[in-house]
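Here is what each chain is made of, one letter per residue.
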Amino acid sequence: MYPEYLAESLKAVERTRAERLKLALSGQPVFPPMNAEQRKDVLGKYHPDFTPGAKRRVRIGPNRGEELTTEVADMLEARSMIEPKLMDIHLREPDYETDLLIIGGGGAGCWAAITAARNGVKSMIATKLRMGDANTMMSEGGMQAAVSRTDSPTRHYLDAIGGGHFENDPELVRVLTEDAPDVVRDLENLGVVWDKMDDGSMQVLHGGGTSRKRMVSCRDLIGATIMRTLMDEVKNHPDMINVREFEPAVELILDDKGHCAGAVLYSLDTEQFLTVKAKSTIIATGGFGRLHIRGFATTNHYGATGDGLVMAYRAGAHLKFMDSVQYHPTGAVFPEQIAGFLITEKIRGAGGQPLNKHGELFVFPREPRDIESAAIIRECSPDRNMGVETYAGRTGVWLDSPLIDMIHGEGYTRHQFPGMCRQFDRFGIDIVKRPMLIYPSLHYQNGGVGINERCETNIPGLYVAGEASGGVHGRNRLMGNSVLDYNVFGRRAGQFASEYAKTAKLGKLSVAHVNAHCTEIDDEGIDTDLVSPLILPSYTPEDVKIQQMARLGNIPARHSMLRSRFTPGERKTHL
Amino acid sequence: METEIKPREEGGKRQRVRANMVNVFINGKRHVVPEHATIMRAIEYAGHQIIRGAGCREGFCGACGTIYRLPGDYKLHTGLACTTMVKDGMSLTQIPSVPMEKAVYDLEKLTPDVNTILKVYPVIFRCVACGTCSKACPQGLPVMDYIQAAMRGDIAAVADLSFDCVACGLCALRCPAEIIQHEVGVLCKRLAGRYLRKESKELDERLQQVREHRFDAEYAELMTMDKSVLSKLYYDRDIEP
Ligand SMILES: Cc1cc2nc3c(=O)[nH]c(=O)nc-3n(C[C@H](O)[C@H](O)[C@H](O)COP(=O)(O)OP(=O)(O)OC[C@H]3O[C@@H](n4cnc5c(N)ncnc54)[C@H](O)[C@@H]3O)c2cc1C
Ligand code: SF4
Ligand code: SF4
Ligand code: FES
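What counts, and at which threshold
- Per-chain numbering applies: the sequence of each chain, read as written, is numbered from 1 onward.
- Numbering of ligands from 1 and lettering of chains from A proceed in the order in which they are written.
- Residues qualify for local features only when their pLDDT is at least 70, as the model is predicted, and side-chain atom pairs are given and counted only at 80 or more; totals for whole chains, interfaces and linings, by contrast, use all residues.
- As a rule here, side-chain values cover all heavy atoms of the structure and leave hydrogens and water aside.
- The secondary structure listing takes helices from DSSP runs of H or I that are at least 4 residues long and strands from runs of E that are at least 2 residues long, numbered from the N terminus.
- Note on method: radius of gyration uses C-alpha positions; expected globular size equals 2.2 Å times residues raised to 0.38.
- Note on contacts: a residue pair qualifies if any of its non-hydrogen atoms lie within 4.5 Å across the two residues.
- Residue-level confidence of the predictor, termed pLDDT, takes values from 0 up to 100.
- We call a residue near a given molecule or strand whenever any one of its heavy atoms falls within 4 Å of it.
- We call two N or O atoms a polar contact when they sit within 3.5 Å, provided that within protein one can donate a hydrogen and the other can accept it, with sequence-adjacent residues counted only if both atoms are side-chain atoms.
- For the area figures, the Shrake-Rupley method with a 1.4 Å probe applies, and any residue is considered shielded solely by the protein chains shown.
- Residue polarity follows a fixed list, in which Ala, Val, Leu, Ile, Met, Phe, Trp, Tyr, Cys and Pro are nonpolar, Asp, Glu, Lys and Arg are charged, and the others, Gly among them, are polar.
- For any pair of parts, buried area is found by adding up, for both, the accessible area (1.4 Å probe) each one loses once the two are put together.
- Throughout this description, the term salt bridge denotes a Lys or Arg side-chain nitrogen within 4 Å of a carboxyl oxygen of Asp or Glu.
- Only centres within 6.5 Å qualify two rings of Phe, Tyr or Trp (six-membered ring in Trp) as a pair; their planes then separate them into stacked at under 30 degrees, edge-to-face at over 60, and tilted for everything else.
- Think of it in three bands: with a 1.4 Å probe and only protein chains considered, a residue is buried below 20% of the maximum accessible area for its type, exposed above 50%, and partly exposed in between.
- Pairs of strands are assigned from DSSP output, requiring at least two bridges between the strands.
- Axis geometry follows a simple rule: fit a line to the C-alpha atoms, using only the stretch in contact for helices, then measure angles between N-to-C directions, giving values from 0 to 180 degrees.
- In these notes the angle categories are as follows: under 35 degrees is roughly parallel, over 145 is roughly antiparallel, 65 to 115 is roughly perpendicular, and the rest is oblique.
- For the domains described, the bounds stem from an automatic or database domain assignment.

A. Region of interest: the overall build of chain A. A count of helical and extended segments in chain A gives 17 helices and 20 strands. Taken over the C-alpha trace, chain A has a radius of gyration of 24 Å; the compact-globule value for 575 residues is 25 Å, and the two agree within 12%. Taken along the three principal axes of its C-alpha coordinates, chain A extends 75 × 60 × 40 Å. Within chain A, counting contacts between residues at least 6 apart in sequence, those at least 24 apart form 74% of the total.

And the structure:
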């Protein structure tokens, strides 16, 4: 239910609705789409990537001197969790030995383990939370795959590379699009229930930036459907795949030739640092939404803290496109309990309109993601001050969903958006009758660790797949291409890394690169008390946190991690 | 109880606004938290760092199963911590994990019928149709109905009815017959996807084309194309309505 203080603004929305419905039915754009100049202006002034302080030069490591997203640069320049001197014994006598170590039990990680097993190679998945507690579980919309007769993989290629402003790595886009049909079949054989037409052909829909209908789906729960299938398959091979939950990796281990040789894990249950010796290693740690870049709420899961970037960077891997962040235009702002929750783009596709506090249209509802987000931020900024404020200190605009039934007929919304409806029903808000309050939400890590089409990095024996990798999407990922990404590259990483493991010979294990990193921090005169990877964000109130910090020595399990907790900068809804 | 407080932002910042506070008992200990908090936020507001008991934080993953009681109510309630609001006097605890044994099987060796159910999860035939599982389900699923469908070997119905299951395991914890409902759901969904689907001829054709390297020439051309030509091709491409 909406509280009393929002009633006036809600009334304004209702007052203007009849007029706006007429507009929507007229066939004309309900608001003039921006021209190139206007787009440039709103992006430059209001998109979070371009606001002052959004980027800064990183002072150490392989990307030294490049402009990166500030919060990422902060993480890269932070201190390690481990004291290398104290690791010696465990490097000589590792706690675990495996052929293939997979860091991260999301979609990419599970796929890697399954393909390695198919290739006869044993693996170990070390993951932060439970297996499947991952962004993969949460995707709703769909996956792109050129499966219909009117479409082709090369068309998909053109759409993806155009969407990425022609900056994507062509080799990666080729395998992304050419492997896609086989991914659909492979998943189906593992038991994914796809949405199909009566004749058995795949049901396909449009997504932002597609020139052919190629979004395949599993109702509005594609993520959960694929993730649960992959997890179940992983658990069907206990002899081949060893799963360690609540044991996130915190540093990579190299050997004396500079090849990747495993990782140091940190048990969240017992606070032990555990070493894994592995002939090859895959980073599949996903994205970074929980860094709350620029203070934004996020759609991402609890463990999306960009750990893979930090570990790989310290070991010498090169990052790509880490200066751009994808904000989804429509994240929930109210109720506070689901702040950041993703409201699918399809709502606007079906006729939902963004409105300011007076119930007025201020932007064309279907501008590209970055433009739409920037326009909403502008509306809420002090320059316009047309946002709706909530008691929790957030600002947003309305997304008028009741129009959808008025346009498409009664019952349409409930039928097409069951997940959306359920989420709001829980809080007594019927989106068929009431609008939603929204604001852009931090959604996707466009860049990541640079890879080639075999998922290899510049460090021998180190592979990266999924959202943690960079290059596939350039600086702008299209809807449906990241679900495809973790499927395609998760499979590939498993295949190539397990092949490598068959012949790899490891030298002496070492974490000397961590020492080198510390020295570099000191040499550059960097003053930081941050410790990374972050592992989990902290939502403990500031005053409680300060009292927790007063501790000295004899740190009880579970709580000493608080030392390393990063308090994201103050929320800057008014940028 | 109305007090002046500064509720916590996700970003760690507190702001001065008025909010009603309520008493909740987390693992038996009283804490004062804002009434507009979910159970998950209340636990964090109280100063805990959740390690087991939070995953997606948005109602997809089932990591946050919680049991609670309310004052003057004998019932033991179940809910997801990330989407259930606190209430005054609520006494709650999170379930860190649900002990159970998932059956290990080879999907390729199974058939989509009651024989598979009998072989893989024979325990479900202990179901006494008490309906406790359906009452416990935070997703509001007809859990008993899908277990009954499984007993009949109606794999498609199980797949359909259990589609939105988040595998929180709360039904399994409450079931007097000790059934692990969500695992039966996963098995049946996989059987349905693997064996009960209609084949897509289009997909077969496309896979054949890829295997025959039918797109190699086009890819080679696109991948070596000058950026300005590629850009023109992109902006001029026709768009399916
Ligand atoms: C709400 C939402 C909706 C989305 N909808 C769509 C959509 O409709 N279509 C689309 O194409 N894309 C969508 N996406 C994007 C897509 O789901 C993700 O990009 C993709 O699933 C990433 O897969 P992944 O395997 O790389 O990472 P993840 O699935 O996030 O898996 C990473 C795993 O690694 C673990 N991990 C992290 N750090 C460590 C560490 N240090 N050690 C060990 N393990 C670690 C994590 O806990 C997690 O389990 C959506 C994303 C979100 C959040
Ligand atoms: S069916 Fe059981 S496991 Fe699935 S959501 Fe409902 S209670 Fe949770
Ligand atoms: S709780 Fe158990 S016994 Fe009761 S209906 Fe559900 S499955 Fe059957
Ligand atoms: S944390 Fe995922 S369902 Fe609650």
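Structure's up, so let's keep going.
B. The confidence of the model for chain B, seen in detail. Residues and elements named next belong to chain B. When the pLDDT values of chain B are averaged, the result is 92; 92% of them are 70 or greater. Ignoring residues within four places in sequence, the model shows residues 1-17, a span with pLDDT below 50, making 57 contacts including any to other chains. We note a pTM of 0.94 for the whole complex and an ipTM of 0.94 for its interfaces.

C. The site of ligand 1, seen in detail. Residue and element names in this part refer to chain A. Neighbouring residues of ligand 1: 40 residues in total, closest D133, T136, E467, S482 and V483. The contact in question runs from an oxygen atom of ligand 1 to an N or O atom on the backbone of D133, over 2.9 Å. E467 places a polar side-chain atom, nitrogen or oxygen, 2.7 Å from an oxygen atom of ligand 1. Relative to its unbound accessible surface of 1000 Å², ligand 1 loses 99% to contact with the protein. Those elements that provide at least two residues to the shell around ligand 1 are α5 (107-118), α9 (307-314), β16 (436-445) and α15 (481-503). The element contributing the most residues to the shell around ligand 1 is α15, with 4 residues. Looking at the shell around ligand 1 residue by residue, the class counts come to 13 nonpolar, 21 polar and 6 charged.

D. Representation of the interface of chain B and chain A in the model. Taken residue by residue, the interface counts 85 residues in chain B and 104 residues in chain A. Between chain B and chain A the total buried area reaches about 8500 Å² when both faces are included, carbon and sulfur atoms providing 51% of it. Summed over the shared surface of chain B and chain A, the result is 16 salt bridges. If you look at where chain B meets chain A, you find 40 residue pairs in polar contact (both at pLDDT 80 or more).

E. Focus on unusual backbone geometry. In this chain, F334(A) is followed by P335(A) through a cis amide linkage whose omega measures -5 degrees. Take P335(A): it is sitting in the loop between β12 (325-332) and α10 (346-349). The linkage connecting S532(A) with the following residue, P533(A), adopts the cis geometry, with an omega of 0 degrees. Relative to the helices and strands, P533(A) resides in the loop between α16 (512-523) and α17 (542-549). Unusually for a residue other than glycine, E271(A) sits at a positive phi of about 60 degrees. The residue E271(A) is located in the loop between β9 (260-266) and β10 (273-283) in this model. Of note, R57(B) is a non-glycine position whose phi angle comes to about 65 degrees, a positive value.

F. Spatial organisation of the side chain of R212(A). Tracing the sequence through the fold places R212(A) in the loop between α7 (170-190) and β6 (215-216). One polar contact links the side chain of R212(A) to the main-chain carbonyl oxygen of T150(A), over a distance of 3.0 Å. Among the polar contacts listed, one links the side chain of R212(A) to the side chain of D238(B), at a separation of 3.1 Å.

G. Looking closely at the packing of aromatic side chains. Residues and elements named next belong to chain A. Counting across every chain of the model gives 11 aromatic pairs over all chains. Relative to Y391, the ring of Y5 lies with its centre 3.9 Å away and its plane at 10 degrees, an arrangement referred to as stacked. Of this pair, Y5 sits in the segment before α1 (7-25) while Y391 sits in the loop between β14 (388-389) and β15 (395-400); the two residues are 386 residues apart in sequence, bridging distant segments of the chain. What makes Y391 partly exposed here is its relative accessible area of 48%.

H. Region of interest: the sheet that holds strand β19 (residues 469-470) of chain A. All names here are of chain A. Sheet architecture is open: 3 strands sit in the order β11-β17-β19, paired in mixed fashion. Every other strand in the sheet has two partners, leaving β11 (319-320) and β19 as the edge strands with one partner each. The pairing of strand β17 (residues 448-450) with β19 spans 2 bridges and is parallel. For V449, the partnering residue across the bridge sits in β19 and is S469.

I. Structural detail: the pattern of salt bridges. Scanning the model with the defined rule gives 62 salt bridges over all chains in all. D400(A) is paired through a salt bridge with R17(A); the nearest N and O atoms lie 2.9 Å apart. Residue D400(A) is found in strand β15, and its partner R17(A) is found in helix α1; the two are separated by 383 residues along the sequence. The salt bridge partner of D159(A) is R237(B), with a shortest N-O separation of 2.5 Å. In this pair, D159(A) is assigned in helix α6 (residues 153-163) and R237(B) in the segment after α10 (227-236), connecting two distinct chains. Across this residue pair, the class does not change: D159(A) and R237(B) are buried. The network of salt bridges with shared partners includes R185(A), E188(A), K196(A), R197(B), E199(B) and D204(B).

J. Main features of the packing of helix α8 (residues 222-235) of chain A against helix α7 (residues 181-195) of chain B. In the contact formed by α8(A) and α7(B), the axes pass within 10 Å of each other and the chain directions differ by 100 degrees. Considering their axes alone, α8(A) and α7(B) lie roughly perpendicular with respect to each other. Contact with α8(A), carried on its side by R228(A), T229(A), D232(A) and E233(A), involves E183(B), V186(B) and R190(B) of α7(B) and no other residues of that element. Counted by class, the contact of α8(A) with α7(B) contains 1 nonpolar, 1 polar and 5 charged residues.

K. Molecular detail of the domain arrangement of chain A. Domain annotation of chain A identifies domain 1 (4-50 + 328-441), domain 2 (67-324 + 446-510) and domain 3 (538-575). Summarising the inter-unit geometry, the C-alpha centres of domain 2 of chain A and domain 3 of chain A are found 29 Å apart.

L. Quick peek at α6(A). With 11 of its 11 residues buried, α6(A) lies for the most part within the structure. In this structure, the buried residues of α6(A) make contact with β5 (143-144), α7 and α15 of chain A together with α8 (201-211), α9 (216-224) and α10 of chain B. Phi turns positive one or two residues past the end of α6(A), at H165(A), with a value near 55 degrees.

M. The arrangement of the domain arrangement of chain B in detail. All names here are of chain B. Along its sequence, chain B is carved into domain 1 (2-6 + 18-94) and domain 2 (107-195). On a C-alpha basis, the centroid separation for the pair domain 1 and domain 2 is 29 Å. Counting residues at the interface gives 11 residues for domain 1, matched by 8 residues for domain 2. Here domain 1 meets domain 2 over a buried area of about 670 Å², counting both sides, of which 64% is carbon and sulfur. Counting every contact that joins domain 1 to domain 2 gives 0 salt bridges. On the surface where domain 1 and domain 2 come into contact, there are 1 residue pair in polar contact (both at pLDDT 80 or more). Residue assignment for the side of domain 1 that touches domain 2 shows that the elements contributing at least two residues are β4 (65-69) and β5 (77-80). A breakdown of the residues in the side of domain 1 that touches domain 2 according to their chemical character gives 5 nonpolar, 6 polar and no charged.

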